[in-house]
Structures are given as structure tokens and as C-alpha cells.
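Observations on chain architecture
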Amino acid sequence: MSEPVVELDALTVRFGGVVALAELSLSVEEGAIFALIGPNGAGKTTAFNIITGVYRPSEGDVRVIGASVVGRKPHQITRLGVARTFQNIRLFSNMTALENVMVGTDARHQTSVPGAVLGLPRHRAEERDGEAVARSLLEFVGIRGVAGEMAKNLPYGDQRRLEIARALATEPKLLLLDEPAAGMNPAEKASLQDLIRRIRDDGRTVLLIEHDMSVVMTISDRVAVLDFGRKIAEGRPAEVQNDPAVIRAYLGAPADAS
Amino acid sequence: MPDVVAFVGQIWDRLPSWQRWIVRLAILVAAVLAPSNSVGRIMAPSSDWKTILFQPIGVYILLAMGLNIVVGLAGLLDLGYVAFFAIGAYGMATLATKDHWNFWAILPVGVVLAAAAGVILGAPTLRLRGDYLAIVTLGFGEIIRIVATNSNWLGAARGISDIPHPPNIDHMKAFHYGVLDPKPYYYLVLAMIVFVFVVVRRLEHSRVGRAWQAIREDEDAAELMGVPTFAFKLWAFAMGASIGGMCGVLFAAKEIAITPDNFQFLLSVLILAAVVLGGQGNLPGVIVGAFLVAWLPERFRNLQNYRVLIFGASLVALMIFRPEGLIPSRKRRAELQAGQGGMGHLGAEVVADIEELR
């Protein structure tokens, strides 16, 4: 519980004249559930996009398990051990739930076109293992029964779970969840919290963006608050909750940002 | 109107494996027996059936199966596919006439040459998406043809003639590659079609096929889930190109002479039409599509130039009443109904994706 899994070091991101992140420094320890909160437009998803290699930072560095990810391609960063879900669900809608998760397992597979064409034993073993892992992950997130359904036909809550299963299939050390509880009812939220804890108990580190304060306060070990690209507070949930700067940021923000 | 194709598909899904093998074997036997005069009288009363079975039918089917990898599976719009066919054909023509190589030695070289051309074209251009990629590939197809037209070494506009046939196998009539009997060439293209069918099926049902489909559906999400999208798009290009090259080598060996006019843009369009109308992404559909595109104009040769008009009208009608193709893959059909086919994304859509990721 000491080594940082991900470290943001004075990270600055500019889009034209807009500063999306300003010298953000953050360090998430192994085995933590770390929440990133803040009003809309504070730069939370931008931080995710930097960590996963969608954008390059204007300045600063990001290290995942000690290795800098700046300049690496997203799929390489995935292999380093970072996986994510999306704010707006982005499943492969016309693939089955099982196939969606298998795409995730393929991130760890070595054989490619020659292996598939020649039907090499190693390739076949990887395919078998991939399917077995995918099925067990569907069970782990609680949607085993829908393996053969097309992703787009799943109910909303199942789609969220499927995204988590697909991300877990890449065997991440760090899992980034972008508003996992959005649109969920209280019962679904409770079982989501349970799922996130089980993911952590499996030895993974979770960094999540979440607007639902009850979820954040219940499951997070640590919380960082962003506002206009700056970190205005960080600490245990109870400390952050009473921080005057945080209260000011939230009261000045639109009503839906709570 | 009941959907006969979907009905047959459901029956096929329920067949046990051994019955499927019987059906496959029956189709293969039918294909082997196809070049006969009695079949020809029905299928092509005003053309030489055995000749058109090789070219255009066999050639179009093989080319369509290759283009299907690029367009149907990986969702990359390639308008210059004929270039790879040309590279295979010119590879055969030059190596056989200038260096006196044997057909069987040139075949793998032609395949590798075309695949290399696919990689060379793909490496800089596969960073483009949708419409932009289509325009660049269209240019590539024209460049290859124009280079051949202007290069004296490649025979310029006269092309290359006196290309030798494949060597004969003694005492086996089916392997005597002469001028008059097209049957041996038909069996050769049939063997290639079966071979490519097996290869493509294996790719489809592996991580490669999954990666291609994931790219087609959401390239950014695929990359973030660990799919090396660029490498897999390049593989799609190389595999498609090598099949085009293979077909080109065989074509040149049969035709004796080739000219740049054999490799017009129109051929790229016809093959693309075959892939789309048959049902992109689905091998049986693509084969049927290519067969129809090749066969219909020959069947109605007695209608003279009206046949082209009828052909065009039937293509338009088909795309109106069955936009997913004659025998669509189940996934492709779902994508089209949801209005999000992988082909022809607009640039604006990419921008929207980036905005969303922000």
C-alpha cells in the first residue's frame, strides 16, 4: 500500500487558449480507490485522456508504475496496465457481450494474423483462454446470462457492467472509471459500489470520476477535487467534504454539478 | 416479403457439423462440374460459358473476396483495389517474359509484391479515415495504371505479350494449360477461391476478426482497449492486396497479353459493387455478389448495350430494397439498421468523436 500506481507530475494541458489542466500533480497508491471530483468542465475526463494516451500533455509527465506514458500509443499504455470505461458508453454495439470482453483479453495475446491463418496451437490456446477469461469476467460483474446478446440490446446498467468487464479483461493494474454510477438507480448504485470494492480486493487500483457524492463518500479512500483544471483539495472524503474551497467551487457551479 | 436468405441462414445455424460438411462438399462438386456444355446452354447461351467461368466470374469472385477483407471486415473504403491486381499481373508478365520464371515460382513473388505494395500504400495513408482514405486509394489505383502506361519497360500502352502459361502436368488433361481450353484455369482459380475462403474464415473467427470489427465499430475505443489499430488496418490492407496480387498472376498467365486497359478504375468499382451488393463482411454473400456482377452482363449479352442499362438499374434497385446486400452478415445488417456502417465516415464524425473524448 505504498508504491504509486499512477503519478501525474505538474501536468498542464492546453487546447488552443483554453487551459484544461493546470499543473496538476496527483499520486494514486496501489490498492486505493481514488475519486476525482469537481464541477463539469473541471478537467477530470481530460486527465483520463492524458493517462490513457488519447492526448499528449502540453507540459508535465505521467508515470504508470514508474514508466512515463507520454508519447506512447493508447494500446501500448493498455498493455502497461491501464484500462478505462467511458462517460458515454462506448461498447462495440454489434458484437456480443462475450466478444466485447474477448477484445479486451486480446490485449494480452501474442499471436496475430500468421497464428490465426495457420491455426497454430498457441493461437488456439489463446483463443480458448480468452473465452474462458471473458466468461468468468462476465460472471464477476454479474451479467453471465447475457454472453450471447449483442451489446446494444443490453439494458443500460448491464452495458455499464459490460464496459467494466471489457476493461478488466485487459488485466489492468489501474482501472479508470468515468462516471460509472451515472443514470443508475439506488439499488444499482449499491451493487456497483460492491463491484468496485471487489475489483480493488482483487489487487487492482481504481481511479474514478463520479458526480454522485454518496457513492464517492462511501467507497473512496482518497478524493481529489478539481476546479477549472486546478486541484483545489485532496484528502480523505470527510476532510474534503468540509473544505471551504470545495464548498465555494460547488456553490458557484451549475446545479447539476452536485 | 419473407426473407428467404434469413430463413436459409437459420436452417444453416441449426444444422449439425457433419450435415454442413455435406452441403459444402455438394457446392464444391457443383463448382467442379460447372464447366460443362449443358450448364453453359442455360447460364450463358450467347457467350462461351467455360471462358467466362474463369474471367470474369472466377476472377471477380477472388478479387471480391480480397477486397472484402479491407472493406467488409476492417471497414476501410478502398477505391483503388485494382492496383494490386495489376501489380500481380505485371509481376507475372515481366518475370516470365524477361527472366523466364515459371508460373509457380512467380505466384508467391506476386503475392508478396502486392502485399508489400499494400503496406507501402497503407503505412502513410491509414492514418486517414473514411472519405480521405477513399480518395487516396483511388489515386493510388490510377497511379499504378498510368505508370504502366508510361513505362517502356512495362510495354507502355501496348502492354506485355507472349506471357507463358503455367507448366503442364503430363497425362492429366485438367492440368494442361493451353490456349483453347479454359477449364484448367478455371480449376486453378477455384482452388484459389477455396484456399482464400479457408484463410479468411480463420481470420474472421480469431482475435484478428474481432479486432477488425472493433475498429469498424469504434476505432478510438478499440485502440484504448489494447487493439493495435494501425497494425491491424495494415494487416487488412496487406491481406487484401496479396489476394489481389495472386489473382493478377493467374490472370496474366491465362491471358497471354496484358495492357494497362485491363486495370481500369471501373474494375475497382465493379468489385466494390460486388462486395457491397452481395453483403459486405459475409463471404458467401460476397461470392454471390461477385458472381452476379460478372455473370449478369454475360447472360444478357443478346440484349446488346441495353444490358448495361439493365445491369445498372438492377444495382440501384437492389440498393434501395436491400441496402445490406443479398446475403448480409448478421452483424453488418444490424449496423446498417442502426445507421452506423463502418464505411464512409465523414470527417465531421471524427471531430465529434474527439470532442466526446474530451
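It should be noted that the structure appears before, not after, this text.
Residues numbered from 1 in each chain as written. Chains lettered and ligands numbered in written order. Predicted model: local features only at pLDDT ≥ 70, side-chain atom pairs only at ≥ 80, totals over all residues.

1. What to know about the sheet that holds strand β1 (residues 4-15) of chain A
All names here are of chain A. Under the convention used in this document: By this definition, two strands are paired if DSSP reports at least two bridges between them. A run of H or I in DSSP becomes a helix once it reaches four residues, and a run of E becomes a strand once it reaches two; helices and strands are each numbered from the N terminus.
In space, the four strands of this open sheet follow the order β2-β1-β4-β5, with antiparallel pairing throughout. The strands lining the two open edges of the sheet, one partner per strand, are β2 (18-29) and β5 (67-68). Where β1 and β2 come together, eight bridges link them in antiparallel fashion. Pairing of F15 across the sheet is with V18, part of β2.

2. Focus: the pairing of strand β4 (residues 59-64) of chain A
When a strand is regular, its side chains alternate between the sheet's two faces. All names here are of chain A. Pairing of β1 with β4 involves five bridges; the strand directions are antiparallel. When the bridges of β4 are listed, V6 appears paired with V64. Bridge analysis of β4 against β5 gives two bridges, and the strand direction is antiparallel. Across the sheet, the residue bridging to R63 is S68, located in β5.

3. Considering the packing of helix α4 (residues 49-73) of chain B against helix α12 (residues 265-278) of chain B
Residues and elements named next belong to chain B. Let me state the cut-off plainly: To get an axis, a line is fitted to the C-alpha atoms, and for a helix only the part in contact is used. The angle between two axes follows their N-to-C directions and goes from 0 to 180 degrees. Oblique is the label for every angle not falling under 35 degrees (roughly parallel), over 145 degrees (roughly antiparallel), or within 65 to 115 degrees (roughly perpendicular). Two residues form a contact once the distance between their C-beta atoms, set from the backbone, is within 7 Å.
Two elements in contact, α4 and α12, have axes whose closest approach is 9 Å; the angle formed by their N-to-C orientations is 70°. As summarised for this structure, α4 and α12 are arranged roughly perpendicular, according to the angle between their axes. In contact with Y60, L63, A64, L67, N68, V71 and G72 of α4, α12 contributes I271, L272, A274 and V275.

4. Notes on the interface of chain B and chain A
To keep it simple, the criterion reads: When residues are sorted by character, Ala, Val, Leu, Ile, Met, Phe, Trp, Tyr, Cys and Pro go into the nonpolar class, Asp, Glu, Lys and Arg into the charged class, and all the rest, Gly among them, into the polar class.
Taken together, the 26 residues of chain B in the interface contact 33 residues of chain A. Of all the elements in the fold, those that place two or more residues in the side of chain B that touches chain A are α8 (183-204), α9 (207-217), α10 (219-224), α15 (330-337) and α16 (347-357) of chain B. Looking at the side of chain B that touches chain A, the element that brings in the most residues is α9 of chain B, giving seven residues. Residues belonging to the side of chain B that touches chain A are distributed by class as follows: 13 nonpolar, three polar and ten charged.

5. Remarks on helix α5 (residues 82-98) of chain B
The periodicity of an α-helix, 3.6 residues per turn, causes residues three or four positions apart to be oriented the same way. All names here are of chain B. As a reminder of what qualifies: Given a helix with a known number of residues, its expected span is that number minus one, times 1.5 Å. Residues are called buried when their C-beta atom has 20 or more other C-beta atoms within 10 Å, exposed when it has 12 or fewer, and partly exposed otherwise; all C-beta atoms are positioned from the backbone.
Helix length check: α5 (17 residues) gives 24 Å between terminal C-alpha atoms against 24 Å at 1.5 Å per residue, within 8%. Within α5, 14 of the 17 residues are buried, which leaves the element mostly enclosed by the surrounding structure. Directly after α5, the chain includes H100, whose backbone phi takes a positive value near 60°.

6. Let's talk about the environment of G281 of chain B
The residue G281 of chain B is located in the loop between α12 and α13 (283-299) in this model. Sequence separation between G281 of chain B and S47 of chain B is 234 residues, and the spatial gap between their C-alpha atoms is 31 Å.

7. Let's talk about the nonpolar core
Our working rule: The term nonpolar core refers to a group of buried residues, namely Ala, Val, Leu, Ile, Met, Phe, Trp, Tyr and Cys, whose C-beta atoms join them within 7 Å.
With 178 residues, the main nonpolar core has Y60, A64, A236, I271 and A274 of chain B as its most contacted residues. Per-element tally for this core: the top contributor is α4 of chain B, with 17 residues.

8. Let's talk about helix α6 (residues 103-125) of chain B
Residues and elements named next belong to chain B. Here α6 spans 32 Å end to end across 23 residues, near enough to the 33 Å set by a 1.5 Å rise per residue. Buried within α6 are the following residues: F103, I106, L107, G110, V111, L113, A114, A115, A117, G118, L121 and G122. In the core, the buried residues of α6 are packed alongside α5, α7 (130-150) and α11 (229-255).

Coordinates in, geometry out; function isn't part of it.
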